[in-house]
Amino acid sequence: MTKQVDPISLQVIGGALHSIAEQMGNVLYRMSYSSIIRESQDLGAGLFDRDYNTLCESDSTPMHIGSLPGYLRGIEKTVPLDAWKPGDCVIHNHPYYGASHSPDIGIIMPVFFEGELVGFSANTAHHVDIGAATPGLVIDIPDVFAEGMLLNGLKLFNEGVRNEALWKYIRDNTRVPSLVMGDLEAQLASAELGVQRFIQLMQTYGKDTVLQATKQLMDYTEAMLRREIAKIPDGDYVAEGFLDDDGRNRGVTLPLKVTVRVRGDGVEVDTTGSSPQVPTAFNVPFDGSTKVACFFAFRALLLDTYTHAEYIPQNEGSFRPVKVTSPLGSIFNPISPAAAEARFSQIQRLVDLIIKALAPVLPDKCTAGNAAVLSFAAYSGIRPSGDYWVFLEVNEAAMGGRPFSDGPDTVEELMRNTRNNPLEDLGMHLPLICDRYEVRDDVPPGAGKFRGGAGVVKSQRYLTPGFMTHESDRNEDAPWGIFGGKPGHGSKVELRNDAAGTVSYQPAKFSGLRTNVGDVITYYSPVGGGYGDPLEREPRKVLDDVLDGFITVDHARDDYGVVLGEVDDGYGWALDDKATQTLRAEMAR
Amino acid sequence: MIRVGVDVGGTFTDIVIERSGEGVDRQVVVTKVASTPHDQSEGVVEGILKVCGLAGIEPGDIDAVFHGTTVATNMVIERDGAEVGMITTRGFRDVLHMARHKRPHNFSLQFDLPWQSKPLVRRRNRLPVTERIMPPTGEIAVPLDEDEVKQAAELFAKRGVDAVIIAFLFSFLNNAHERRAKEIVRSILPGAFVSCSSDVVNTIREYERFSSTAMNAYIGPKVSAYLRSLEGRLRANGIDALVRIMQSNGGISTIENSCEFPIGLLLSGPAGGVIGGRWTGQNCGKGNVITIDIGGTSADISVIENGQLRIKNSRDTEVAALPVLVPMIDIDAIGAGGGSVAYLDPGGAFRVGPRSAGAVPGPACYGKGGDEPTVTDAQVVLGRMDPEHFLGGDLTIDGSLSEKAIREHIAEPLKLSVDEAALGILKIINNSMALAINANSVAKGIDPRNFTLMGFGGAGPLHSVSLAEAIFAKDVISPVHPGITAATGLLVTDLQYEYTHSTLLVLDKATDAEFKKANDALDELIARANLQLDADGISRTNRRFQQIAECRYVGQGFELRADMPEGHLGTRSAATIIDNFYNAHKQVYGHAFRDQSCEMITLRVVATVEVDTLKLPKLGKGGRTNPDEAVLYRRRTVFDDGQALETPRYRRDMLLADDRLAGPALIIQHNSTTIVPPGYVATVMDYGDILIRRT
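Below or above, wherever it landed, is the structure these notes cover. Keep in mind that what you see is a predicted model, and the values were worked out from it rather than measured.

**With respect to the overall build of chain B**
Link 1 in the chain: Helix and strand content of chain B: 17 helices and 33 strands.
Link 2 in the chain: In summary, chain B has a C-alpha radius of gyration of 27 Å against a globular reference of 26 Å for 695 residues, a match within 12%.
Link 3 in the chain: Once the C-alpha set of chain B is aligned to its principal axes, its extents read approximately 80 × 65 × 60 Å.
Link 4 in the chain: With 695 residues in all, chain B has 55% of them scored as buried.
Link 5 in the chain: For chain B, long-range pairs separated by at least 24 residues make up 67% of all intrachain contacts whose partners lie at least 6 apart in sequence.

Pasting the structure below:
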């Protein structure tokens, strides 16, 4: 039995682990080629012990944080612990063996210290194209085999020697080898760095001390989360919603139901009552995605890094208090060979429903309805040279109003946190041009004491013929208001061609659309719901929103009871305090 | 020649004056006065008059004043800038509102987005106009609607905005629309601060360019007013000297240039310290130096390699969470300093910082009501800072309050002795600093084993040896005046201007026509530099130009700097750039590729002019070992290994060149104490800097 590591060394080793994970993430996204990794940072990186516990993880995209242990457990089916050799490297993306979804390719290297396997250095990154049925993304496909290359625990390096046949296989089976192979190189550099740093850490402090410290750090994180869960009254908390459709059977909505069972300092999330699995790619891998979403929800709600002063290490400890139950054969736990690539919108909703379920008992920590969606657009085409171009774009949305502040506008919410692509960089390199990228102002944000966030509108125009797949949801079920706040709005997707004089509205998700020169796809994101009674909103803030064009004068009067009068000061409007008081008194009755 | 350096910090304004020249006794005098945050120029002038008094110099005889200021930075942090209007491309009104759409916290629902809650330009003042420039050539797809520009300008006039920016998409390809719009706005708002994005930073990536332009305008009117008021106050006191301002890139600039591009001043404060560190290194024959400037609440870390400052990748240059696309020294600030508070969090973890006790209430030993222990209290308890020499005896402190705070808050709950708890505080804070140094060195391909660690700021030399051990640095230097290293840095830097233009070019496939286009851009950048230097009255022979190509592999998104040979671009110089880029990529990432095409994204020209450099008088030769005559007294001091030893205190002003002090020893001077632990020996260098090495 190793003795307890003293509190001083514990801080020192904890800081070092955090720093290693950050550096692994940095190398990966800076060196990478595809915009989805380098700009959007759709990646995760960290160190793991030989029991597959997360010791530390980079603070990149939440969706990846907590997914890697699933990869490691899945790989064990092919590569048992005693089959690892120094200098090995495994590549893995199989969604029924722990992967988050198939485009998120994991690179895993073992860490040996004094001849003994002590853990792993690993990362995942979203690859632009793995040779699926349609370029970049898929929706309406029959099964997991149509998702593209399935790499199930394959050794990319054997004791330091690269498996050239596998390397060539990957190169030959993606539409954009120049991006994918470069991104894999970046993943290798990042994992190598983790191996070196982990070994150095053990050389400095001793293996037993480091491993004991990691155990204590996990216990610490677990204890911090349990402390917060224990403050929530025991009970079953339920919330429901629905998804637009599965991407094939239009008009058939899919129910969502989440039950949160709080018992003492532990919690269970049960998705029973949600839709059965669907016949398209719109399912969610259980280990790599459903569970990760639930872990995220409790960390963000209860250990919010903005309101908590202390840094709490990101490790396995934050997963332990949260149990996740999804019936086999349901949308959150599909049975192979169901496809499960397009899973992000559902897990966003899962998180949002957890927030909604707990809002009555966590009024100071929750939000009103968030957009809780993903607009993931795959634009592609074939250049005159015969090479493919594929560009994956994440469109942001908005958050719901909050207990002490408005919902942020035009932002990456919940499980995602990517960066947008500079329009100028895209314009220089792709046959696609952006015609509009602004705050959505055709509908107002959900009214409330703290209003919902305004959404985004983005228009991309094809300069050459191409293809498009759009993975999204939530044209139908608008984000809710809470504690008297008004709901926000759902999304819409417009396809127009000015030369041809055509306009049509698309479902939120569609795949393999063939596009023509001059086709403009415009995405209007959902808009967040309001928090609290709009009549309690400070009139000054309502005026600001009118002057800034987020809402109209009519909306200020009708929903907020704020009356404005015209003035000639260059801005146009001023508060009419007296009329506002009168109107608000009337409306309150 | 009489020159003055003035560095304004949060609490103190440091001043150094130098008299030099033939037939004159070389003289260097330093002093400090309290800063005057409401108008920094008051403290600046008061300090100059004070130092003149001490040195016996007439203020009117000063030739040049070099100034490092935090005015610009404070204005951004406190959001106390101008009301700015923006004219932008129709369809793209909200580029500043969306930023990069990434939130600053992953695990948070209640986070703040400063670019939305405290915008540099409010949405109501962002007015779109009709115009369109198309990539990749810069052709005009939709001509500028001049009437709309005029209407926008008139609206701004009516609203009384202080500054107007014009920021159009793809203006780095063709800035004709921005230029024309600027003329129109100028004609309607002759008194306003008007600039366009291609003037401020002519590079690709709209959010970063627009935001940098907005920040320049946001701080422009007030920074100009400050610099003019400083100039006026100096003149009113009979000081008719040249005034030069420290910039973020480590060069100095004129008042005129600083008024036009105040965005270059955002690191004006900390830059002086790094330059001072480089100069101290040179005086000691050390080209590889890691500097750490430790203050009360934060520590600034930078790396100097082969005597060269490291410039931050422009993708990482931010101030107050907003991008600033101007060259900055790579300085990493962390929340760790003498005032960092030690505490146990609700989960029982032992924490030190980033929360700071600040100047008020300050560390427990100040007796100003702060009862939580700080890093300073740990130093006092361990006998590393003597109460009677605290700030040169200017401040009275009570060591028993330090002990009480550590005992009650840390030692008793953790069942440690007070010494153990105090050592723990230092170990944790030193570890935070060491990790930050590693992130700035090891993580960027720098091996600290070949570097000297230099701690300055009053508290720097208390931590230097411990930090050097933690990062495996080669040795340690304690500069002659640790507390005013930043002010001396002002007197040892060059005049420097930088100009950039995004000129995308795949280097290994470029045609003659493409090279010509890039060379035209290069010529224009050099012409702009020459125009500025002409205005400064710098003779042609003193001008030096450095050309840099910022490159990436085709498809990547982050550029790295590659040096470019002198003269025009062509196939041969392109090959050299590709080699230089390969080496940079290898150093930064550990990997690089020969089979990938290299794309130049941005051209950069750096124009420098050497100015006189501060020279300190050499110390007399001592050559003594542990000179008794310099010993003040001996007292108990606890070192990192837990040993408590009777340790001599030496007066630094009694030490001479080549004197050697064997550890354990403390070297005391006004406002700073240098620790020499057992097993180390300190050697006094020619100019009074102290080199500390393992025995």
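**Structural notes on the sheet that holds strand S9 (residues 254-263) of chain A**
Residue and element names in this part refer to chain A.
Link 1 in the chain: The strand order across the open sheet built from four strands is S8-S9-S10-S11, with neighbouring strands paired in mixed fashion. Each having just a single partner strand, strand S8 (235-243) and strand S11 (322-325) make up the two edges of the open sheet. Across this sheet, the average inter-strand angle for adjacent strands is 15°, counted without regard to direction.
Link 2 in the chain: Judged from the five bridges that link them, S9 and strand S10 (residues 266-270) form a sheet pairing that is antiparallel. Bridge assignment links Arg 263 to a residue of S10, and that residue is Gly 266.

**Brief notes about the environment of B:Gln596**
Residue and element names in this part refer to chain B.
Link 1 in the chain: Tracing the sequence through the fold places Gln 596 in the loop between helix H17 (571-589) and strand S26 (598-609).
Link 2 in the chain: Distance from Gln 596 to Asp 14, taken between C-alpha atoms, is 51 Å for residues 582 residues apart in sequence.
Link 3 in the chain: When neighbours within four sequence positions are excluded, Gln 596 is seen to be in contact with Tyr 553 and Val 554.

**Quick look at the sheet that holds strand S18 (residues 502-506) of chain A**
Neighbouring strands of a sheet are bound in pairs by backbone hydrogen bonds; such pairs are parallel or else antiparallel.
All names here are of chain A.
Link 1 in the chain: In space, the five strands of this open sheet follow the order S14-S15-S20-S17-S18, with antiparallel pairing throughout. Each end of this open sheet is capped by a strand with a single partner; those strands are strand S14 (432-439) and S18. Taking the axes of each pair of neighbouring strands and ignoring which way they run, one obtains an average angle of 15° across the sheet.
Link 2 in the chain: Pairing of strand S15 (residues 456-462) with strand S20 (residues 519-524), which is carried by five bridges, proceeds in the antiparallel orientation. The residue of S20 that forms the bridge with Lys 458 is Tyr 523.

**Some thoughts on helix H1 (residues 40-55) of chain B**
Residues and elements named next belong to chain B.
Link 1 in the chain: Taking 1.5 Å per residue, 16 residues should reach 22 Å; H1 reaches 23 Å between its end C-alpha atoms and fits that length.
Link 2 in the chain: Regarding H1, the residues found buried are Gln 40, Ser 41, Gly 43, Val 44, Val 45, Gly 47, Ile 48, Val 51 and Cys 52.
Link 3 in the chain: Positive backbone phi, approximately 70°, marks Gly 56, located one or two places after H1.

What counts as what
- Every chain is numbered independently, its residues counted from 1 as its sequence is written.
- Each chain is given a letter, starting from A, and each ligand a number, starting from 1, according to the order in which they appear as written.
- With the structure being a predicted model, the display of local features is reserved for residues of pLDDT at least 70 and the display and counting of side-chain atom pairs for 80 or more, all residues being used for whole-chain, interface and lining totals.
- Every helix listed is a DSSP run of H or I at least four residues long, and every strand listed is a run of E at least two residues long, numbered separately from the N terminus.
- We take the radius of gyration over the C-alpha atoms and set the globule estimate at 2.2 Å times the residue count to the 0.38 power.
- Counts of 20 or more other C-beta atoms within 10 Å of a residue's own C-beta define buried residues, counts of 12 or fewer define exposed ones, and intermediate counts define partly exposed ones; C-beta atoms are placed from the backbone.
- It is the C-beta atoms, placed from the backbone, that decide contacts: two residues are in contact if theirs lie within 7 Å.
- Here, strands pair whenever DSSP counts at least two bridges between them.
- All axes here are fitted lines through C-alpha atoms, helices being fitted over the stretch that makes contact, and every angle between N-to-C directions spans 0 to 180 degrees.
- Given a helix with a known number of residues, its expected span is that number minus one, times 1.5 Å.

These figures come from the coordinates and say nothing about function on their own.
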